[in-house]
Amino acid sequence: MTAIKELSVDILVIGSGAAGLAAAAAAARLGQNVLVADERQTPGGILPQCIHKGFGAGRYGMDMTGPEYLEQEFRKFADSGSGYLPETRIISIAPDRTALAVNTSGLTNITFRDCILATGCSERSVWSLPVSGTRPAGVYTAGEAQEMINLGHYDIGRRIFILGSGDIGQIMARRFVLLGKTVTGMAEIRDTLGGMKRNQEECIKAYGIPVILNSTVTEIHGFPDITGVTLHHLDTGTDSFIECDTLITALGLIPDKTLAEPLLGKNGYPEWIHFCGNSDYVHEIADSASAQGDKLGQLLGGKSL
Ligand SMILES: Cc1cc2nc3c(=O)[nH]c(=O)nc-3n(C[C@H](O)[C@H](O)[C@H](O)COP(=O)(O)OP(=O)(O)OC[C@H]3O[C@@H](n4cnc5c(N)ncnc54)[C@H](O)[C@@H]3O)c2cc1C
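The structure contained in this document is the topic of the report that follows. The model shown is predicted, which means the values in this text are computed figures rather than measured ones. (Residues numbered from 1 in each chain as written. Predicted model: local features only at pLDDT ≥ 70, side-chain atom pairs only at ≥ 80, totals over all residues. Heavy atoms only, no water.)

Our focus in this paragraph is a nonpolar patch on the surface. A cluster of nonpolar side chains, contributed by Ile4, Ile91 and Leu107, occupies part of the molecular surface with about 240 Å² of accessible area. Relative to the helices and strands, Ile91 is located in strand S7 (residues 89-94). You can call Ile91 partly exposed: its relative accessible area is 43%. (Patch = residues over 30% accessible without salt bridge, like charges linked within 9 Å, V, L, I, M, F, W, Y side chains within 5 Å. Areas by Shrake-Rupley, 256 points an atom, 1.4 Å probe, with all protein chains shown as cover. Salt bridge = Lys/Arg side-chain N within 4 Å of Asp/Glu carboxyl O. Helix = DSSP H or I, 4+ residues; strand = E, 2+ residues; numbered from the N terminus. Buried < 20%, exposed > 50% of the residue type's maximum accessible area, 1.4 Å probe, protein only.)

With that settled, consider the site of the ligand. In the vicinity of the ligand, 35 residues are found, and the nearest of them are Asp38, His52, Asn278, His283 and Ala286. Within the contact set of the ligand, an oxygen atom lies 3.4 Å away from a backbone nitrogen or oxygen of Ala118. The contact in question runs from a nitrogen atom of the ligand to an N or O atom on the backbone of Glu284, over 3.3 Å. Here the ligand has 1000 Å² of accessible area as a free molecule, and 94% of this is covered by the chains. Residue composition of the shell around the ligand, grouped by class: 15 nonpolar, 15 polar and five charged. In terms of domain composition, the shell around the ligand takes at least three residues from each of domain 1 (5-122 + 254-301) and domain 2 (125-251). (Near = heavy atom within 4 Å. Polar contact = N/O pair within 3.5 Å; in protein donor to acceptor, adjacent residues only side chain to side chain. Nonpolar A, V, L, I, M, F, W, Y, C, P; charged D, E, K, R; others polar. Domains from an automatic or database assignment.)

In this structure, Ile11, Val13, Val34, Leu47, Tyr69, Ile116 and Cys276 are the most contacted members of the largest nonpolar core, which totals 26 residues. For this core, the elements supplying multiple residues, two or more each, are strand S2 (11-14), helix H1 (18-29), strand S3 (34-37), helix H3 (66-80) and helix H7 (286-301). Counting residues per element, this core draws most heavily on H1, which supplies eight residues. Other than its neighbours up to four places away in sequence, Leu47 contacts Ala18, Phe55, Gly66, Pro67, Tyr69, Leu70 and Ala286. Listed in part, the 19 residues of the second largest apolar core include Val9, Ile14, Ile110 and Ala260. (Core = buried A, V, L, I, M, F, W, Y, C linked by side-chain atoms within 4.5 Å. Contact = heavy atoms within 4.5 Å.)

Here Arg113 shows up in the loop between strand S9 (106-111) and strand S10 (114-117). Residues Arg113 and Ile248, 135 residues apart in the sequence, show an inter-C-alpha distance of 42 Å. A distance of 3.4 Å separates the side chain of Arg113 from the backbone oxygen of Leu300, its partner in a polar contact.

Turning our eyes to something else, we now look at the sheet that holds S10. On the basis of which strands lie adjacent, the open sheet formed by five strands has the order S6-S3-S2-S10-S22 and parallel pairing. Pairing within the sheet leaves two strands with one partner each, and these edge strands are strand S6 (83-85) and strand S22 (273-275). The mean inter-strand angle of the sheet, taken between neighbouring strand axes irrespective of direction, is 20°. Bridging between S3 and S6 involves three bridges; their strand directions are parallel. Across the sheet, the residue bridging to Ala37 is Leu85, located in S6. On the sheet, H7 packs against S2, S10 and S22 and is oriented at approximately 155° with respect to S22. (Pairing = 2+ DSSP bridges. Axes fitted to C-alpha atoms, helices over the stretch in contact; angles between N-to-C directions.)

In this structure, the amide linkage connecting Phe223 to the following residue, Pro224, adopts the cis form with an omega of 10°. Position of Pro224 relative to the elements: it lies in the loop between strand S17 (215-221) and strand S18 (228-233). Positive phi values are uncommon outside glycine, yet Glu87 reaches one of about 50°. Secondary-structure assignment places Glu87 in the loop between S6 and S7. Judged by relative accessible area, Glu87 falls into the partly exposed class, the value being 45%. Here the phi dihedral of Asn214 falls at roughly 50°; this positive angle occurs in a residue that is not glycine. Note on placement: Asn214 falls in the loop between strand S16 (211-212) and S17.

See below:
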């Protein structure tokens, strides 16, 4: 059996998205021995899949795509001297300030002084709602669809219905239209469209996406593939059937603190666990996640070695 390897650092950063890269770069520039681990093959978290503009206005005074923004951030990170372990998943964090990492070369036990969780967020799925019916193929969260289409180059459906009007759903509505698909509508349970004004204007209004307010999906039809959904209209109490071969959900994001949860005591988390980016709270824009990473990295970078 291969022995577990040992590593020791001042700061372990879990996640190389906008927040993790900025935190690591700021702390490493101040002389800390920093290591970033990310389970993905390439750095940047969700940035590589966001091929639309909308990044960097606050931080660089320019309107960039996600990959362009990542290029700026990664350059700073690479210049900082921080270490980086791609394709490495942290599977647990122990109270003795160690974390267990796994990658293709086996297990590594990483000892640290401080640990930054920059693990991003998860998307609320349709199955978290009281929805009946089958469990067919063709149901994706907006982020999943974004990754499959923009990075995997998959072709996922022709008639798309979107449940929820979060920003990622609006961006994906435009993406589907640009790919020549039919977006039959976007249902929103509230009486107003969600998301940022910019996305409402540039993705929904500009592309004529039909918005159905005060409505939600209550049943999913078809098996093995989705054939349609039942849409319940809260204002009239009526139901209608919407034919579609793909259902996309944009129902909100949930900060991912899973790794730290076993460490939560009655006085909160240990003082050496820190959260930044979407794992702390949902940031509407990447610039804000990076700015929080900068601040945290500078704070921890100022600690005595
Ligand atoms: C799908 C989506 C689209 C968005 N679109 C925009 C947009 O157009 N414009 C904009 O400004 N903002 C957008 N945002 C907002 C978002 O807040 C920021 O873009 C920001 O990039 C989030 O950065 P982060 O570092 O917090 O998280 P992420 O970018 O999610 O990075 C988290 C990283 O942690 C890694 N990770 C998680 N768990 C582990 C583990 N156990 N071990 C190792 N690695 C792990 C993941 O692989 C990932 O690389 C979008 C967000 C999402 C989710």
